[in-house]
Amino acid sequence: MLKKINSVLLIFCLFAFCFAPTALAFSSSQQPQYHSTAEQAEEELKIKPSINPHPTNDEARNHYPIVLVHGLTGWGRDEMLGFKYWGGIQDIEKDMKSHGYETYTAAVGPVSSNWDRAVELYAQIKGGRVDYGEAHSKKHGHARYGRTYPGLYPKWGEINPETSMIYKIHLIGHSLGGQTIRVLNQLLAQGDENERHATPKDELSPLFNGENKPWIHSILSIASPHDGSALTYKVKELIPHLQQIVTLAASATGSKDNPMYDFKLDQWGLKRLPNEPFDRYYQRVRNSSLWKTSKDTAEWDLKPEGAKELNDWVKAQPNVYYFSVSAEQTYKSILTGHQIPEPLMNPLFHPTSYFLGSYTQIGQGKVPINSAWWRNDGMVHTSSMDGPATDPIVSYNKDAQKGVWNHLGIMRSYDHIDLIGLGVRDMRAWYRALGKLLYSLSAQ
């Protein structure tokens, strides 16, 4: 029993490092104190989702599988002692399947760039070896090829012989995952010209060949930093915190030979070698120059400047349904005018929320940030979540449009991880409602 309790405690320690790496950088004296009564706390815990994702039709009009794509520092179903990224101890994938929604969970590089994550996602779903691209790998100085996967849904993109229609999928991405699924769709639609010039035709990955592949039926982003997050200006040395995750994970499993958290950085030569002691592997990851020299990382893509660069070439495609969900758990201080955390925001997010709720910047080469950005969910600006500033965005009203972002609304009093069921609320019914919405879309 004691061993189980210790494992649970370690999970929450891991979780703290995953989602609030800056918490230790702030002293408690820097945080304004806000006390709520027990009655207020009880009422806040009763808050139901403020978004009811009404389907476009009462009947299911497609049965395309749903693939869940995690955000920054996320993990797969076989990691973290079985503590699920999607739902924690309440397994969202399993629940979706039990209610008739074919659902899969992807596990891509937790700190990799959106390009690398998108390419990994393609190989994971379709099956095959990860090909980061000849031009991309040379530009950034890492290996061209990665892991080989059997495929979550190998017939993806093929023609259904009974209906003569393409086997498509729905993609749901949380946080950074929302950027990742956009990049994958862009590559499926238009490929990459640099890769076509750099690679012999018989060696070119189908993902880059420029032949339009309308394989994605819908994209749904949840609390995604489409226009970036200023938090990247405050969070420094993210990787050392992730290294602590691996150390704690190995301890939790009781064996240094079986770490339960995977960096998935094989392309950078950071794959654990056969018979390599865990400590040596840990030091190789920690001491890698990657974190100081490369823009081919999640950190750059999450910066407002990096997100702007990504948005310049990743566009909404006319044959895809796009949906977005925003979130917030702050309110305006009557003393400062800043956005500050609501009482029941996860305490781990209070330091980052205060920072996001007051940060401003101007300057040449910088994305201007003002008070319009301040409302947040503890990790991401609410204003960044409805869709990229470079794409059209409309309010969803049960009449979903293709090629534009159908904004489902703002989940009020929900922090960044409440939305994936890692807070105090059970989100399984809400994800079933999302599934019903996606299945209600016309199959064409």
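This brings us to the side chain of D415. Examined against the element boundaries, D415 turns out to sit in the loop between β11 (405-412) and α15 (428-439). Despite being buried, D415 has no salt bridge partner; R425 is the closest side chain of opposite charge, sitting 6.6 Å away.

Next up on the list: the packing of aromatic side chains. The geometry of an aromatic ring pair comes down to the distance between the two centres and the angle between the two planes. Considering all chains together, one arrives at 15 aromatic pairs under this definition. Taken together, the aromatic side chains of W75, Y85, W86, W430 and Y431 make up a single cluster linked through ring pairs. Sitting over the face of the ring of W300, K295 holds its NZ or CZ atom 4.1 Å from the ring centroid. Sitting over the face of the ring of Y414, R425 holds its NZ or CZ atom 4.2 Å from the ring centroid.

Attention shifts here to the pattern of salt bridges. Side chains that carry opposite charge are capable of pairing whenever their charged atoms lie near each other. On inspection of all chains with the given rule, the structure shows 14 salt bridges. For the salt bridge of K126 with E158, the shortest nitrogen-to-oxygen distance reads 3.8 Å. You can see K126 sitting in helix α4 (residues 114-126) and its partner E158 sitting in the loop between β4 (145-149) and β5 (169-174), a full 32 residues away along the chain. E158 gets classed as partly exposed once you look at its relative accessible area, which sits at 40%. When the shortest N-O distance is used, the salt bridge between R428 and D426 registers 2.6 Å. Looking at D426, the relative accessible area reads 41%, which means it is partly exposed. Here the salt bridges do not stand alone but share partners, grouping D131, E134, K138, R144 and E203 into one network.

Here the focus is the sheet that holds strand β6 (residues 216-222). If you trace the 7 strands from one edge of the open sheet to the other, you get β2-β1-β5-β6-β7-β11-β10, paired in parallel fashion. Strand pairing shows two members of the sheet lacking a second neighbour, β2 (103-105) and β10 (393-395), which therefore form its edges. Taking the axes of each pair of neighbouring strands and ignoring which way they run, one obtains an average angle of 25° across the sheet. As paired strands, strand β1 (residues 66-69) and β2 are joined by 3 bridges and run parallel to one another.

Quick notes on the rules
Residues numbered from 1 in each chain as written. Predicted model: local features only at pLDDT ≥ 70, side-chain atom pairs only at ≥ 80, totals over all residues. Heavy atoms only, no water. Helix = DSSP H or I, 4+ residues; strand = E, 2+ residues; numbered from the N terminus. Buried < 20%, exposed > 50% of the residue type's maximum accessible area, 1.4 Å probe, protein only. Lys, Arg positive; Asp, Glu negative; His and termini not counted. Salt bridge = Lys/Arg side-chain N within 4 Å of Asp/Glu carboxyl O. Phe/Tyr/Trp six-rings, centres within 6.5 Å; stacked < 30°, edge-to-face > 60°. Lys NZ or Arg CZ within 6 Å of the ring centre and 35° of its normal. Pairing = 2+ DSSP bridges. Axes fitted to C-alpha atoms, helices over the stretch in contact; angles between N-to-C directions.

All we've got here are geometric facts, nothing functional implied.
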